[in-house]
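The primary structure of each chain is shown beneath.
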Amino acid sequence: MKIATFNINGIKARFEALQDWLREAEPDVALLQEIKSVDEGFPREIFEEMGYRVETHGQKSFNGVAILSRLPLEDVTRGLPGDETDEQARWIEATVIGQRALRVACLYLPNGNPAPGPKYDYKLAWMERMRAHAEALLDSEEPVILAGDYNIIPQDEDAAKPEAWREDALALPESRAAFRRILNLGYTEAFRTRVPGPGHYSFWDYQAGAWQRNNGIRIDHLLLSPQAADLLRDVGIDKDIRAREKPSDHVPVWIELDA
DNA sequence: ATGGTCGAGAGTCGA
């Protein structure tokens, strides 16, 4: 089973590029962030005609997540548990029925800038809620995959210019510590367990020729529970699509599982 | 140090 995460930065601007990539990469499950659309505005028919089930958790203008799956989905839930007053659409979760059942979450973790400030406070509180939920998910019998735009640069080697991110919410020590607390529950970050060293990125800013200068950061991650890590066969980043017409500022990151 | 670019959709904010 191939599972990919992709921050598309707006479905209205990206549905053609998204279709092209789906045809080429053929993921069984595509986890999308920043759809920037309400549920009714998501062009679900386009993807249903390609054989995908479509589950969205949208919001007007900002945020919004979605799951496209060629495999059956069960028990779809929307929203990160732990705060009923949180109205931001950043989490959708479903059980994917392949050769075996996998619990898959698609997440868009808050950016948190500027830090310090209320947005950074929200990021850290959200990560603590995620930690609690990630811990609860480990109690299930199923392999668990937590994938999406984490807005976290885990280590300096995950940025082309780490010094430029020193004061940024994506790289502050408190941000990295909150990310490690989730990993230390027993999750494995899929890409890093297979590919060591610097130079691997999933985001290049639109500004200042970041792509042309390869000034990137690696902030899109797939975290695997121990049962899911046992199934890991391959990982990759579809870097080349960043060079196309009207690209997202992120590119897809994917895993292949024996499942 | 500054300004640089996108997307959504409304006359600006978030990234």
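Residues numbered from 1 in each chain as written. Chains lettered and ligands numbered in written order. Predicted model: local features only at pLDDT ≥ 70, side-chain atom pairs only at ≥ 80, totals over all residues. Heavy atoms only, no water.

Draft legend 1. Spatial organisation of the environment of Leu18. Mapped onto the fold, Leu18 is located in helix H1 (residues 11–25). For Leu18, a relative accessible area of 0% gives the class buried. Counting along the chain gives 29 residues from Leu18 to Phe47, while the straight-line C-alpha distance between them is 9.5 Å. When near neighbours in sequence (up to four residues on either side) are disregarded, Leu18 contacts Phe6, Ile8, Ile11, Leu32 and Phe47. (Helix = DSSP H or I, 4+ residues; strand = E, 2+ residues; numbered from the N terminus. Buried < 20%, exposed > 50% of the residue type's maximum accessible area, 1.4 Å probe, protein only. Contact = heavy atoms within 4.5 Å.)

Draft legend 2. The UniProt feature "active site" (unreviewed entry) in chain A, seen in detail. Mapped onto this numbering, the UniProt entry gives "active site" (unreviewed entry) at Tyr108, Asp149 and His250. The named residues occupy 143 residues along the chain; their greatest pairwise C-alpha distance, 12.6 Å, places them in one compact cluster. Its place among the elements puts Tyr108 in strand E7 (residues 101–108). Setting aside anything within four residues of it in sequence, one finds Tyr108 in contact with Asn7, Gln33, Glu34, Asn63, Val65, Arg90, Trp126, Asp149 and Asn151. (UniProt positions renumbered as here; feature names shortened; annotations may be inferred.)

Draft legend 3. Inspection of the packing of helix H3 (residues 118–137) against helix H4 (residues 173–183) at higher detail. Where H3 contacts H4, the axes come no closer than 9 Å and their chain directions differ by 10°. Judged by the angle between their axes, H3 and H4 are roughly parallel. Residues Tyr120, Lys123, Leu124, Met127, Met130, Arg131 and Ala134 of H3 pack against Glu174, Ser175, Ala178, Phe179, Arg181 and Ile182 of H4. Taken together, the residues that form the contact of H3 with H4 break down as eight nonpolar, one polar and four charged. (Axes fitted to C-alpha atoms, helices over the stretch in contact; angles between N-to-C directions. Parallel < 35°, antiparallel > 145°, perpendicular 65-115°, else oblique. Nonpolar A, V, L, I, M, F, W, Y, C, P; charged D, E, K, R; others polar.)

Draft legend 4. Structural view of the UniProt feature "binding site: Mg(2+)" (unreviewed entry) in chain A. Per the UniProt record, "binding site: Mg(2+)" (unreviewed entry) is found at Asn7, Glu34, Asp149, Asn151, Asp249 and His250. These annotated residues cover 244 residues of sequence, and their C-alpha atoms all fall within 12.8 Å of one another, placing them together at a single site. Tracing the sequence through the fold places Asn7 in strand E1 (residues 2–7). For Asn7, a relative accessible area of 0% puts it in the buried group. In contact with Asn7, other than residues within four places in its own chain, are Gln33, Glu34, Tyr108, Asp149, Asp220, Ser248 and His250. Side chain to side chain, Asn7 and Glu34 meet in a polar contact 3.1 Å long. Within the secondary structure, Asp249 is located in the loop between strand E13 (232–237) and strand E14 (253–257). (Polar contact = N/O pair within 3.5 Å; in protein donor to acceptor, adjacent residues only side chain to side chain.)

Draft legend 5. Quick look at the sheet that holds strand E2 (residues 29–33). Pairing in this open sheet of six strands is mixed, and the strands run E3-E4-E2-E1-E14-E13 from one edge to the other. Every other strand in the sheet has two partners, leaving strand E3 (53–57) and E13 as the edge strands with one partner each. Mean inter-strand twist for the sheet, computed between neighbouring axes without regard to direction, equals 15°. One ladder, built from five bridges, connects E2 with strand E4 (residues 65–69); its direction is antiparallel. Considered in E4, the bridge of Gln33 is made with Val65. In the packing of H1 onto the sheet, the strands contacted are E1, E2 and E4, and the crossing angle to E1 comes to about 160°. (Pairing = 2+ DSSP bridges.)

Draft legend 6. Examining the sheet that holds strand E12 (residues 220–224) more closely. What the six strands build is an open sheet, ordered E5-E6-E7-E8-E12-E9; its pairing is mixed. Each edge of the open sheet carries a strand with a single partner, namely strand E5 (73–78) and strand E9 (188–189). As defined by bridge partners, strand E8 (residues 144–149) adjoins E12 across five bridges and the pair is classed as antiparallel. Considered in E12, the bridge of Ala147 is made with Leu222. Taken strand by strand, H4 contacts E9 and E12, and its axis lies near 30° from that of E12.

Draft legend 7. Expanded view of the pattern of salt bridges. Inspection of the entire model under this criterion finds 16 salt bridges. Among the ionic pairs, Arg244 bridges to Glu24, the shortest N-O distance being 2.8 Å. Here the residue Arg244 occupies a position in the loop between E13 and E14, and Glu24 occupies one in helix H1, the gap between them amounting to 220 residues. Close ionic contact of Asp158 with Arg218 constitutes a salt bridge, the shortest N to O distance being 2.9 Å. Taken as a pair, Asp158 in the loop between E8 and H4 and Arg218 in the loop between strand E11 (216–217) and E12 lie far apart in primary sequence, 60 residues in all. Here Arg218 falls in the buried class, since its relative accessible area comes to 1%. What emerges from the salt-bridge pattern is a single network uniting Glu157, Asp158, Glu189, Arg192 and Arg218. (Salt bridge = Lys/Arg side-chain N within 4 Å of Asp/Glu carboxyl O.)

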